[in-house]
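Overview (structure and organization)
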Amino acid sequence: MTTVSERTGGPATGRTPAPSASFAGRRRPGEFLIKLGLRVAAGITVITTVGILIALLIPSLSFFAEVPVLEFLFGTRWAPRFADASFGVLPLVTATLWTTVIALLVAVPFGLGAAILLAEYAKPRVRKILKPLLEILAGIPTVVYGFFALQFVQGTVLRDWLRLPTGAFSVLAAGLVMGVMIIPTIASIAEDAMSAVPSALRQGSAALGANRMQTTLRVVFPAALSGIVAAVVLGISRAVGETMIVAIAAGSQAQMVSNPLEQGQTMTGFIANAALGDSRVGSLEYNTLFAVGLLLFLITLLINFISIRFVRRFREAY
C-alpha cells in the first residue's frame, strides 16, 4: 500500500537510496600516465643537476690536487696561463660582484615598478599592450646587448656625453646594460605574483581607508612576497651567469676591481675566453675552467638557499 507522503512527494519514510559507487577503485589510465610523466620530469631534473655537478666536480678535484683551495679562493692575482702562474680567483669574483650589483640597482627598481604599474594601475587594455612590449626586451640576443653596451653606453654615454675617465671597457657599462636585460624577467614574474593576490585583500584595505599605493606596499607586496623574491633571485642568477655582455663590454683583464669605471674580467667572461683557447684537455690550465664553473655553481646555489630561507621567514600566508 502506498503512503500519502510517497504519492505527494513529501519526506521519504522508507529506506534511503544507496550511495553512489565510489570511484576510488576504478582504473584511470589517463591519470596514471600524467603521474608517470610528472615523476619522469622530476627525476630528469634531479639527474641533470647531479650530472652537472659531477661534470664540474671531477676536473675540479684534479685542479685542487695541484692548487690549494685557500690560494684559489683568497688569492688576489689571476694568471693561469703565465709562466709564473697564479690562481687567485678574487679578481674574477670582484668583477662579477660589480656587474651583478650594478645590474640589480637598475633592474629591481624598474622591474618592480613596471610590475606595480601592470598589476595595480594599468587598465586591462593598456596591460595587454605594455606587457608584450616589455617582454620583447627578453627576446633580444645577449650578444646584441653586449655590442650596445660597448659601442653606445661605454663609448658614447660614459666617455663622450658624461666625460667619465674610463677606457674602452668598464664593468659599469656591462652592469647597466645587463640590468636592462633583466628588467623583463623581474617585471613579468613579479607582476604574475601580484596579480594572483585575491581581490578581497585589496577591497578590505580600501574599506579601511588605505589608498592604492598603501594597499600595494602593505597588503599586496607581503602577500606576493614569495613570487617577488623568486623574480629577484632569478634576476640575480641571470646577472651572475650572463656571459656575452660581460665578455664583450667588461673587458678581459683580470684584476681587482675597485672602481666601476675600470675594466675587469668576470667568472663567465673568463670561461668564455678560455674555452676558445688551445689548452690541452686534462691540463691544469684546462681544469681552471671547471674550478671557476664549480665556484659559480656554488654561488648560485647559495643565493637560492638564502632566498628560500628569507621567504619562509617573512612570507605572509593568506
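Residues numbered from 1 in each chain as written. Predicted model: local features only at pLDDT ≥ 70, side-chain atom pairs only at ≥ 80, totals over all residues. Heavy atoms only, no water.

1. So, the overall build of the protein chain
Assigned secondary structure in the protein chain consists of 13 helices and 2 strands. For the protein chain, with 318 residues in total, the buried portion stands at 37%. Taking the contacts inside the protein chain whose residues are at least 6 apart along the sequence as the reference set, 70% of them involve residues at least 24 apart. Counting every atom, the protein chain has about 18700 Å² of accessible surface; 67% of that belongs to carbon and sulfur. (Helix = DSSP H or I, 4+ residues; strand = E, 2+ residues; numbered from the N terminus. Buried < 20%, exposed > 50% of the residue type's maximum accessible area, 1.4 Å probe, protein only. Contact = heavy atoms within 4.5 Å. Areas by Shrake-Rupley, 256 points an atom, 1.4 Å probe, with all protein chains shown as cover.)

2. Section: the side chain of Thr288
Within the element layout of this structure, Thr288 appears in helix 13 (residues 284–314). Dropping the residues within four chain positions of it, Thr288 is found in contact with Phe63, Trp78, Pro80, Phe87 and Phe270.

3. Describing the environment of Pro59
Mapping Pro59 onto the fold places it in helix 2 (residues 29–64). As for Pro59 and Leu284, which are separated by 225 residues in sequence, their C-alpha atoms are 9.3 Å apart. Look past the residues within four positions of Pro59 in its chain and what remains in contact with it is Ile54, Asn287 and Phe290.

4. Things to note about the packing of helix 8 (residues 199–207) against helix 9 (residues 212–223)
At their nearest, the axes of helix 8 and helix 9 sit 10 Å apart, and the two run at 150° to each other. As the angle between them shows, helix 8 and helix 9 are arranged roughly antiparallel. Of the two possible hands of crossing, helix 8 and helix 9 adopt the one that is right-handed. Residues Leu201, Arg202, Ser205 and Ala206 of helix 8 form the contact with helix 9, whose own contacting residues are Thr215, Val219, Val220 and Ala223. (Axes fitted to C-alpha atoms, helices over the stretch in contact; angles between N-to-C directions. Parallel < 35°, antiparallel > 145°, perpendicular 65-115°, else oblique. Left-handed = near helix turned anticlockwise from the far one by under 90°.)

5. Side note on the environment of Val108
Residue position: Val108 is located in helix 4 (residues 90–121). Expressed as a C-alpha distance, the spacing of Val108 and Ile236, which sit 128 residues apart in the sequence, is 9.8 Å. In this structure, Val108 is in contact with Ile186 and Val232, ignoring residues within four places of it in sequence.

6. Here we look at the packing of aromatic side chains
Two measures describe an aromatic ring pair: the distance that separates the ring centres and the angle between the ring planes. Counted according to the given criterion, the structure contains 10 aromatic pairs. Measuring from ring centre to ring centre gives 5.6 Å for Phe63 and Phe87, while their planes differ by 80°; the resulting arrangement is edge-to-face. With Phe63 in helix 2 and Phe87 in strand 2 (residues 86–87), the pair connects residues that are 24 residues apart, well separated along the chain. There is no split in this pair, since Phe63 and Phe87 are both buried. (Phe/Tyr/Trp six-rings, centres within 6.5 Å; stacked < 30°, edge-to-face > 60°.)

7. Here we look at the nonpolar core
With 42 residues, the main nonpolar core has Met178, Ile182, Met194 and Ile245 as its most contacted residues. Those elements giving two or more residues to this core turn out to be helix 4, helix 6 (142–161), helix 7 (171–195), helix 10 (225–241) and helix 11 (244–249). If one sorts the elements of this core by residue count, helix 7 sits on top with 14 residues. Excluding its chain neighbours within four sequence positions, the residues that come into contact with Met178 are Thr99, Thr100, Ala103, Ala239, Glu242, Ile245 and Val246. (Core = buried A, V, L, I, M, F, W, Y, C linked by side-chain atoms within 4.5 Å.)

8. Side note on a nonpolar patch on the surface
On the surface, a nonpolar cluster with roughly 780 Å² of combined accessible area is contributed by Leu117, Tyr121, Val126, Ile129, Leu130, Leu133, Ile136, Met213 and Leu217. At the level of secondary structure, the elements contributing two or more residues to the nonpolar patch comprise helix 4, helix 5 (124–135) and helix 9. Looking at which element gives the most residues to the nonpolar patch, the answer is helix 5, with 4 residues. Here Leu130 lies in helix 5. Of the residues examined, Leu130 reaches a relative accessible area of 33% and is grouped as partly exposed. (Patch = residues over 30% accessible without salt bridge, like charges linked within 9 Å, V, L, I, M, F, W, Y side chains within 5 Å. Salt bridge = Lys/Arg side-chain N within 4 Å of Asp/Glu carboxyl O.)

9. So, the pattern of salt bridges
Applying the stated criterion across every chain yields a total of 6 salt bridges. A salt bridge links Glu31 to Lys35; its shortest N-O distance comes to 3.5 Å. Remark: Lys35 and Glu31 occur in helix 2; sequence separation between them is 4 residues, near one turn of the helix. Judged by its relative accessible area of 35%, Glu31 falls in the partly exposed class. Residue Lys35 is classed as partly exposed on the basis of its relative accessible area, which comes to 45%. One continuous salt-bridge network, built from bridges that share partners, spans Arg127, Lys131, Glu191 and Asp192.

10. A few points about the side chain of Thr99
By the element assignment, Thr99 lies in helix 4. You can call Thr99 buried: its relative accessible area is 1%. Engagement of the side chain of Thr99 in a polar contact is seen with the backbone oxygen of Thr96, the distance being 2.9 Å. Those residues in contact with Thr99 that sit more than four places away from it in its chain are Val171, Ala174, Gly175, Met178, Val246 and Thr266. (Polar contact = N/O pair within 3.5 Å; in protein donor to acceptor, adjacent residues only side chain to side chain.)

11. Some words on the confidence of the model for the protein chain
Do not read the fine detail of predicted coordinates wherever pLDDT is low. Overall, the prediction assigns the protein chain a mean pLDDT of 86, with 89% of residues at 70 or greater. Of the regions scoring below 50 in pLDDT, residues 1–12 engages in 5 contacts with residues more than four places distant in sequence or in other chains. (pLDDT = per-residue confidence, 0-100.)

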